[in-house]
Amino acid sequence: MSESQSNKIPIKQIDLDATKQRVHTRFVTGFYQNIRVASMYFFLALFLLLPWLRYDGRQAIWFDVPSQHYYIFGMTFLTQDFYFIAAFALIAAFTLFMVTVFAGRVWCGYACPQTIWTHLYQHIEKWVIGDRNKRIKFDKAPMSPTKVFKRSLVYLIWFILSVITAATFVSYVAGTEYIFGSWQMLGFIPFPDWPTWIWVSMFIFTFATYANAGYMREQMCIQICPYGRFQSVMFDKDTLIVSYDYERGEPRGPRKKGTNPDHLGDCIECTMCVQVCPTGIDIRDGLQVACIQCAACVDACNEIMDKVGYPRGLIRYTTER
Ligand code: SF4
Ligand code: SF4
């Protein structure tokens, strides 16, 4: 791979509204995607269920800011113990940096909330509208009652998920009993009986979730996330990266089934690696800041290699060395 290729960063437009040029990801299965989906939904379940856990008669993890008591299972911290939190944050940050040096962007691909929620929101689109080709066609189609209905349904489900996310997030501070158990009647309609700070927090977290996972999506990773930006300084020749085997794949080109012409490399130019990429990039252009190393392109290309009878690993986890 030439140096100019490895430096190519295909950020063609700076527009944080990813819906204007939606990346319609083709969902793929495979070894890495199975690990990834298991990891992502494990963390999602953990986030949603932890506030419901009880320990010693109270919420097991509860950052009770109004009373300035912070409960983590059996331990109680007061505001003056905050240096523990600072120490914990430092340890977490340095652990993340160390993992990045060896394993690359595993956090981005397998555990980052932005990746998890974007994956979830894209699944909703797939469920309501259909697979990748149907979604592309749907976007291009003129406005019609079906289009309005399906789009509204997607937005409604996104909104409900955003409210659930916000309520869960705030319940770590306000307590689940207060968030989900305080109701008053407005006429015949039950309405949450929350103080202003909870309403404001709910609004901020609902808006942030909806905007990040529904609108900004991959633009969040490419344009905004500071971790995505500065981790390139943590990469060295031995860091694990997802990479296309340029020597083996080029010159790329389509061919008849069952043939392997001498003048062509192993890449059959099926573009499957691009279609499955959640950030819409082409890994064959080299290592890029937009690559969250989810390995979807690895699984997609392996599937193609199996079909055409070539060895797996044209795109694979490897190191620069
Ligand atoms: S999936 Fe593999 S064979 Fe297909 S275009 Fe990508 S690198 Fe080439
Ligand atoms: S290039 Fe491959 S590993 Fe990188 S984000 Fe796209 S699909 Fe994931």
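**Student:** I'd like a description of the pairing of strand 3 (residues 61-64), backed by residues and values.
**Tutor:** In this sheet, strand 4 (residues 69-72) lies alongside strand 3 in antiparallel orientation, the contact comprising four bridges. In the strand pairing of strand 4, F63 is matched with Y70. As consecutive antiparallel partners, strand 3 and strand 4 are separated by four residues, and within that stretch Q68 has a phi angle of approximately 55°, a positive value.

**Student:** Got a sec to walk through the site of ligand 2? Specific residues and values, please.
**Tutor:** Taken together, 13 residues lie near ligand 2, and C277, C291, C294, A295 and C297 sit nearest. By residue class, the composition of the shell around ligand 2 is 11 nonpolar, two polar and no charged.

**Student:** So what about the environment of Q288? Which residues, and what values?
**Tutor:** Within the element layout of this structure, Q288 appears in the loop between helix 13 (272-275) and helix 14 (296-308). On a C-alpha basis, the gap between Q288 and S232 in space is 9.5 Å, while along the polypeptide they are 56 residues apart. Within the structure, Q288 has its side chain in polar contact with the backbone oxygen of D282 (distance 2.8 Å).

**Student:** Break down the side chain of T115 for me, with residues and values.
**Tutor:** Secondary-structure assignment places T115 in helix 5 (residues 113-128). If near-sequence neighbours (up to four positions away) are discounted, T115 is found in contact with R36, M40, C108, G109 and I292.

**Student:** Account for the domain arrangement of the chain, naming residues and giving values.
**Tutor:** Looking at the chain, the domain boundaries give domain 1 (3-13 + 240-318) and domain 2 (31-230). The distance between the C-alpha centroids of domain 1 and domain 2 comes to 32 Å. Domain 1 puts 17 residues into the contact, and the matching count from domain 2 is 20 residues. Carbon and sulfur atoms make up 53% of the surface buried where domain 1 meets domain 2, a total of about 1600 Å² over both sides. On the domain 1 side of the contact with domain 2, V289, I292 and D299 bury the most area, a combined 31% of that side's loss. Taken together, domain 1 and domain 2 are joined by zero salt bridges. Put simply, domain 1 and domain 2 have 11 residue pairs in polar contact (both at pLDDT 80 or more) between them. Among the elements that make up the side of domain 1 that touches domain 2, the one with the highest residue count is helix 14 (three residues). For the side of domain 1 that touches domain 2, a count of residues per class yields 12 nonpolar, four polar and one charged.

**Student:** Describe the site of ligand 1, naming the residues involved and giving the relevant values.
**Tutor:** Around ligand 1 sit 13 residues, and of these C267, C270, T271, C273 and C301 come closest. For the shell around ligand 1, the secondary structure elements donating two or more residues are helix 13 and helix 14. A class-by-class count of the residues in the shell around ligand 1 yields 10 nonpolar, one polar and two charged.

**Student:** Please set out helix 5 residue by residue, giving values where relevant.
**Tutor:** Taking 1.5 Å per residue, 16 residues should reach 22 Å; helix 5 reaches 23 Å between its end C-alpha atoms and fits that length. Counting buried positions along helix 5 gives 12 out of 16 residues, so the element sits mostly inside the fold. Q114, T115, I116, W117, T118, H119, L120, Y121, Q122, I124, E125 and V128 are the residues of helix 5 that are buried. Lining the buried residues of helix 5 we find helix 2 (31-49), helix 4 (106-110), helix 6 (132-140), helix 7 (145-174), helix 9 (196-216) and helix 10 (218-224).

**Student:** Hey, could you go over the packing of helix 2 against helix 14 for me, with residue numbers and the actual values?
**Tutor:** Their axes nearest at 7 Å, the elements helix 2 and helix 14 cross at an angle of 145°. Counted together, F31, Y32 and Q33 of helix 2 and A296, V298 and D299 of helix 14 form the full contact between these two elements. The residue makeup of the contact of helix 2 with helix 14, split by class, is four nonpolar, one polar and one charged.

The rules behind the values
Residues numbered from 1 in each chain as written. Chains lettered and ligands numbered in written order. Predicted model: local features only at pLDDT ≥ 70, side-chain atom pairs only at ≥ 80, totals over all residues. Heavy atoms only, no water. Pairing = 2+ DSSP bridges. Helix = DSSP H or I, 4+ residues; strand = E, 2+ residues; numbered from the N terminus. Near = heavy atom within 4 Å. Nonpolar A, V, L, I, M, F, W, Y, C, P; charged D, E, K, R; others polar. Polar contact = N/O pair within 3.5 Å; in protein donor to acceptor, adjacent residues only side chain to side chain. Contact = heavy atoms within 4.5 Å. Domains from an automatic or database assignment. Buried area = accessible area lost by both parts, 1.4 Å probe. Salt bridge = Lys/Arg side-chain N within 4 Å of Asp/Glu carboxyl O. Expected span 1.5 Å × (residues − 1). Buried < 20%, exposed > 50% of the residue type's maximum accessible area, 1.4 Å probe, protein only. Axes fitted to C-alpha atoms, helices over the stretch in contact; angles between N-to-C directions.

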